[in-house]
Amino acid sequence: MLYFANWKVLLICGVCLLGVVFSLPNLFTPAQLAWIPHGIPLKQVNLGLDLRGGSYLLLEVDVGAAETEQLNSLIENVRSALRNAKIGYTGLNVENNAIVFTIRDQDRIEDARTALAKIDPSLTLTIGTDGAGKMQFSTQATDQRRSQAVEQSIEIIRRRIDETGTKEPTIQQQGSDRILVELPGIDNPEHVKALLGKTAKLTFQLVDTSMSPEEARRRGLPPGDEILSAQEQAARSGQPSQYLVKRRVMVGGDTLVDAQATFQNNEPVVSFRFDTAGAKRFGDATRENVGKPFAIVLDNKVISAPVIREAIPGGSGIISGSFTVQSASDLALLLRAGALPAPITILEERTVGPDLGADSIHAGAVACVVGVILVVVFMFLFYGLFGLFADIALVFNLCLMLGSLSLLGATLTLPGIAGIALTLGMAVDANVLIYERIREEMRSGRTMLSSLEAGFTRAFGTILDSHVTTLVAGILLYWLGSGPVKGFAVTLSIGVLTSLFSAILVTRLQIVTWLRRWKPREIPL
Amino acid sequence: MIRPLIVIRRVPTIDFMRWHVFGFAFSILLGCVSIGLFAAIGLNYGIDFKGGTLIEAKTQGPADLAAMRAKLDALHIGEASLQNFGDPTEVLIRLPEQPGGDAGQQRAIELARKALGPGIDYRRTEVVGPTVGAELIRAGALATVLALVAILIYIWFRFEWQFGVGATISTIHDVVTTIGLFAIFRLEFDLTTLAAILTIAGYSINDTVVIYDRVREAMRKYRTMPFRDLINLALNETLSRTILTVSTVALAVLSLLLFGGEVLKGFSIAMLWGIVIGTYSSLFIAAPIIYYIQPNRRAVPRDAASGEPDTTRPPPGRPTNRPRGA
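Residues numbered from 1 in each chain as written. Chains lettered and ligands numbered in written order. Predicted model: local features only at pLDDT ≥ 70, side-chain atom pairs only at ≥ 80, totals over all residues.

Once that is clear, we can look at the overall build of chain B. When you go through chain B residue by residue, the secondary structure sums to nine helices and six strands. The C-alpha radius of gyration of chain B comes to 26 Å, more than 25% above the 20 Å expected for a compact globule of 326 residues. Viewed in the frame of its principal axes, chain B has a C-alpha envelope of about 80 × 45 × 35 Å. Per-residue burial over chain B gives 46% buried out of 326 residues. Taking as baseline every contact in chain B between residues at least 6 positions apart, the subset at least 24 positions apart corresponds to 78%. (Helix = DSSP H or I, 4+ residues; strand = E, 2+ residues; numbered from the N terminus. Rg over C-alpha atoms; globule rule 2.2 N^0.38 Å. Buried ≥ 20, exposed ≤ 12 C-beta atoms within 10 Å, placed from the backbone. Contact = placed C-beta atoms within 7 Å.)

Written as structure tokens, this is what we have:
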């Protein structure tokens, strides 16, 4: 006998009601929703960037470069450790993520070992009997440093993006060294990309005035020196295009606490302020080198190289160097946000303008509505009253899908809308299977009630099989897909689950109610 | 009481098995052509897989493609492809992958924007570097293979292995011919197409499962009926369901194709083809395969797990009055 316990009836009606309640807010604009008193669930479906417009960037942190950078900074320590112990060496360099060198005197290998052991406990040291030495980070330390570099990058990217005033950006790690950035409402990400593309490592280094860069190139670099080229704008305005500077960093940008774009003599400049430690180092360095030029270096390019006129004890200063208003405020922003521990590459960019997003929502909604109407009419033509039952279940299914999407905070994308339309077509498959089965059972001479009963129970196995197979495809798509395709997988999977509920239980409840109320003599199929 | 306006009252008695050899021949031909095309001319990969840049731009008046192309060609960033996209004011611009790895891609788009000048609304910009492109191909292929394997494991679990083999072959057939369709018509093959292919696989198996369910049920009921008739019976009994379901899904996909906008066009075309070929393969490939690798009928339990009664009901057409417990 087709029978529903009262609690089941309540449960089914309750779920349907919840579906309607949770899907309703999607019919209104956010402005209209603001009028409704609080305390009522008003979550709307989270629209993907392809529907609301915005920019999606996939970044990769060059963790290898971060490691090389750290090794480069340790190379000075190795140099001084060996020099202090008076051990002769050659070929000190960073190669393949390791500091390499050769100890000249093979009798001193043991001494070198003791001298170098103090530098950094996370470095493993090997020196062969021929004196060839190698220092590299242990695997564990490498992993730790890499994940640190990525975490730090995320933090700095967040700061940089927040400074640009982008609303509700999403910044999250993906995989081991990837960062996913979503910027809603940004339809030209060039500025953001330019900001993210810079490491913004600022250093103050002394200029070596003993010879010109050309001379140094000819006669060999003096030890501890490097040749840096000037920034493009600076080089264009008549400044030298290359500088010979000392490698040793007087003060680094990591000690900056503030930077602002201002004007000096009507020219855009960047003013900066050090923390206490930085101020002290900057004061000492300027006092010791009055009269000498020092280079302000950003990402290995010299911005400018002013001559130190007097000691600067206050811990603040000004960078001038052919800035435009925009480039000065960008530099200030970058300095405030801090330097990235490693360079970043943009692997993938997808930007959708707000117009296209709105058009897509419109097209998707029209397609869904037309699809529903066609399916509803079709079902009515072929199944009459029972088709109507299925149609009502279909509408509840749509509500349940929208409601679950809103409730789960899942993101709806354009392929996601395609998923909804497709699910609506497939949802009635369960009804078709049941109704065809009922017809068959009637044909084989069963009574009305027994045909109904048999139709539902016998079709169930088939319905389950078909839903599970679709669900498997959906889950795999979600797992392996990316971006918009994930949105499709979400709606497809949710749709499969809700249609299992609506097509079987909601339809069945309607039929049972109809049987009790109208006590029909036969099934109109 | 509202009765249906259109009713398929009688179970048809179409001899599907008579046509299965033609079906096999046709499908083998279709499959070979598809594989051949795929090998010879390959697919028209979108930038998702190939890497490169895609710009959807809207100009104020009807777009002058030749002028825009000339501007882009002057940049020497490879051969730009331009085409109208739905509307005469809308242009889809594709730039090939630039040298210089992932970082190299970013420059091209800036150059292109500058060259095209103002007055253009950039509706969509997509830049995919070589790293991601290669990963997407790998993930896509993996997803397809895993989906097939997972679905088959499920069928193996629910049915006898012979059904699993039949479902595999017919699903692979559907996936291969869909790829063939994309190869021959040079339709763009991107991430959404891949999603469509996986959905097609799901749908096709779904269709096959419904028929196999019926074959298995008939195997239990009519233990002496020749296998050929058994399959015909199962196909005929499910025919009205097959037609109705194909119709509703096709209606939904058709409305996507007509109203869903240009972005979903590739997806809709793939789905529409997949629905048709998936239905065809269930009828003419999946079912007849079972005839050749017949499951052991004695292995099929007399009483199904669902408590199926062991009736020896005669085939439909001659209904007998056997009402059962109400």
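A separate point is the overall build of chain A. For chain A, the helix and strand inventory stands at 15 helices and 18 strands. For 525 residues, the compact-globule formula gives about 24 Å, and the C-alpha radius of gyration of chain A, at 35 Å, lies well above that figure. Projected onto its principal axes, the C-alpha coordinates of chain A cover approximately 110 × 65 × 40 Å. For chain A, the proportion of its 525 residues judged to be buried stands at 45%. Across chain A, the fraction of contacts at a sequence separation of at least 24, relative to all contacts at a separation of at least 6, is 70%.

So, about helix H6 (residues 139-164) of chain A. Residue and element names in this part refer to chain A. A rise of 1.5 Å per residue sets the reference length of H6, with its 26 residues, at 38 Å; its end C-alpha atoms lie 38 Å apart and thus fit the reference within 8%. Within H6 the residues assigned to the buried category are Arg 146, Ala 149, Val 150, Ser 153, Ile 156, Ile 157, Arg 160 and Ile 161. Count one or two residues on from H6 and you reach Gly 165, which has phi positive near 85°. (Expected span 1.5 Å × (residues − 1).)

All names here are of chain A. In spatial order, the strands read E12-E13-E16; together these three strands make up an open sheet with antiparallel pairing. Two strands lie at the open edges of the sheet, namely strand E12 (256-264) and strand E16 (316-319), each paired on one side alone. Direction aside, the axes of adjacent strands within the sheet are offset by 25° on average. Here strand E13 (residues 267-274) runs beside E16; their pairing, made up of four bridges, is antiparallel. Within E16, the position partnered with Val 270 by the bridge is Ile 319. Packing of helix H11 (residues 325-337) onto the sheet brings it into contact with E12 and E13, and relative to E12 it is tilted by some 170°. (Pairing = 2+ DSSP bridges. Axes fitted to C-alpha atoms, helices over the stretch in contact; angles between N-to-C directions.)

Attention now goes to the sheet that holds strand E2 (residues 54-61) of chain A. Read from one edge of the open sheet, eight strands run E7(A)-E8(A)-E2(A)-E17(A)-E5(B)-E2(B)-E4(B)-E3(B), paired in antiparallel fashion. On the outer flanks of this sheet lie strand E7 (170-174) of chain A together with strand E3 (81-85) of chain B, each paired with one strand and no other. In this sheet, neighbouring strand axes are inclined to one another by 20° on average, regardless of whether the strands run parallel or antiparallel. Sheet analysis places strand E2 (residues 52-59) of chain B next to strand E4 (residues 87-95) of chain B, joined by six bridges and oriented antiparallel.

On to the pairing of strand E11 (residues 242-252) of chain A. All names here are of chain A. Sheet topology places strand E9 (residues 202-207) next to E11; four bridges connect them, and they run antiparallel. Looking at the pairing, Gln 205 lines up with Val 249 of E11. Pairing of strand E10 (residues 225-230) with E11 involves five bridges; the strand directions are antiparallel. Its bridge partner being in E11, Ile 227 is matched across the sheet by Leu 244.

A separate point is unusual backbone geometry. Within the chain, Asn96(A) stands out as a residue other than glycine whose phi angle is a positive 45°. Backbone geometry places His76(B), a non-glycine residue, at a positive phi of 55°. Within the element layout of this structure, His76(B) appears in the loop between helix H3 (65-73) and E3.

This part covers the interface of chain A and chain B. Each partner contributes residues to the interface: chain A has 75 residues there, and chain B has 73 residues. Listing elements by their share of the side of chain A that touches chain B, those giving two or more residues are helix H7 (190-197), strand E17 (344-352), helix H12 (354-408), helix H13 (414-443), helix H14 (448-480) and helix H15 (484-518) of chain A. Looking at the side of chain A that touches chain B element by element, the count peaks at 20 residues for H12(A). Relative to strand E5 (residues 120-128) of chain B, E17(A) runs antiparallel, the two being bridged by five bridges. Looking across to E5(B), one finds that Val352(A) is bridged to Arg124(B).

Once that is clear, we can look at the confidence of the model for chain B. All names here are of chain B. Scored by pLDDT, chain B has a mean of 83; 90% of the residues are at 70 or more. Counted against residues more than four places away or in other chains, residues 303-326, with its pLDDT under 50, gives 33 contacts. The ipTM, which scores confidence in the relative placement of chains, is 0.84 for this predicted complex, and the corresponding pTM is 0.79. (pLDDT = per-residue confidence, 0-100.)

On to the environment of Val468(A), then. All names here are of chain A. One can find Val 468 in helix H14. A count of 21 C-beta atoms within 10 Å places Val 468 in the buried class. A sequence separation of 379 residues divides Val 468 from Tyr 89, and the C-alpha atoms of the two residues are 69 Å apart.

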